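# Chain and residue survey
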Amino acid sequence: MDSRVSTKEIKVRNYHIDSYQHVNNMRYMEFLEEARWSHFENNASLEVASQEETAFVIANYNINYLYPATMNQVLEIKTRVAKIGTKSLTFEHEIFIKGTDKKALAAEVTLVSFDIKSQRPKEIKDSIKVELVK
């Protein structure tokens, strides 16, 4: 699946930093979450999913930490839907340190389509798929 790439910028603040003076690994997961929400906000996928009583829950993170980001740097997070399956979708993320050629992180995050009422995985409707790749 080849879809639109969205970009989110986040400035590294002091509360993102660990004792080694670079971004703590758990903060990157928050950055990826913020980037996915931005990606969702660029289309109507969450609204359509809500109408279908569907939510998306994280099933898997696969993160490769490549270069440490430090205080006051601006991170550019590039996000795209890489794959949409029957009941899951996978986002690809890359985080770059703005103004450099340094890639701080590469990740794949898999979400499962989840029925809000039954609390069970469910198929992703075509109406949601169409919105996900806008």
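As a reminder, the structure under discussion sits directly above these lines.
Here's what I pulled together on the structure shown here. (Residues numbered from 1 in each chain as written. Predicted model: local features only at pLDDT ≥ 70, side-chain atom pairs only at ≥ 80, totals over all residues. Heavy atoms only, no water.)

## Details of the packing of aromatic side chains
Evaluated as defined, the whole model comprises five aromatic pairs. The interplanar angle of 80° and the centroid separation of 6.0 Å between the aromatic rings of Y28 and F31 together place this pair among those described as edge-to-face. Placement of the pair is Y28 and F31 together in helix α1 (residues 25–41), with a separation of three residues, close to one helical turn. Note on F31: relative accessible area 4%, which makes it buried. Here the aromatic rings of F40 and F91 are separated by 5.6 Å at their centres, their planes lie at 85°, and the arrangement is edge-to-face. Placement of F40 in helix α1 and of F91 in strand β4 (residues 88–97) is noted, with a sequence separation of 51 residues between them. Considered together, F40 and F91 belong to a single accessibility category, that of buried residues. Through a chain of ring-to-ring contacts, the aromatic side chains of W37, F40, F56 and F91 assemble into a single cluster. (Phe/Tyr/Trp six-rings, centres within 6.5 Å; stacked < 30°, edge-to-face > 60°. Helix = DSSP H or I, 4+ residues; strand = E, 2+ residues; numbered from the N terminus. Buried < 20%, exposed > 50% of the residue type's maximum accessible area, 1.4 Å probe, protein only.)

## Some details on the nonpolar core
Core analysis: the largest hydrophobic core is formed by 30 residues, its most contacted members being Y28, L32, F56, L75, L89 and I95. The set of elements that each furnish at least two residues to this core consists of α1, α2 (45–51), β2 (54–65), β3 (74–84), β4, β5 (103–115) and α3 (126–132). (Core = buried A, V, L, I, M, F, W, Y, C linked by side-chain atoms within 4.5 Å.)

## Some remarks on the pattern of salt bridges
Applying the stated rule across the entire model yields ten salt bridges. A salt bridge links K98 to E9, with the nearest nitrogen and oxygen atoms 2.9 Å apart. On the criterion of sequence distance, the pair formed by K98 in the loop between β4 and β5 and E9 in strand β1 (residues 6–11) is long-range, its members being 89 residues apart. By relative accessible area, which is 42% here, K98 ends up partly exposed. Here D115 and K122 are joined by a salt bridge, their closest N and O atoms 3.6 Å apart. (Salt bridge = Lys/Arg side-chain N within 4 Å of Asp/Glu carboxyl O.)

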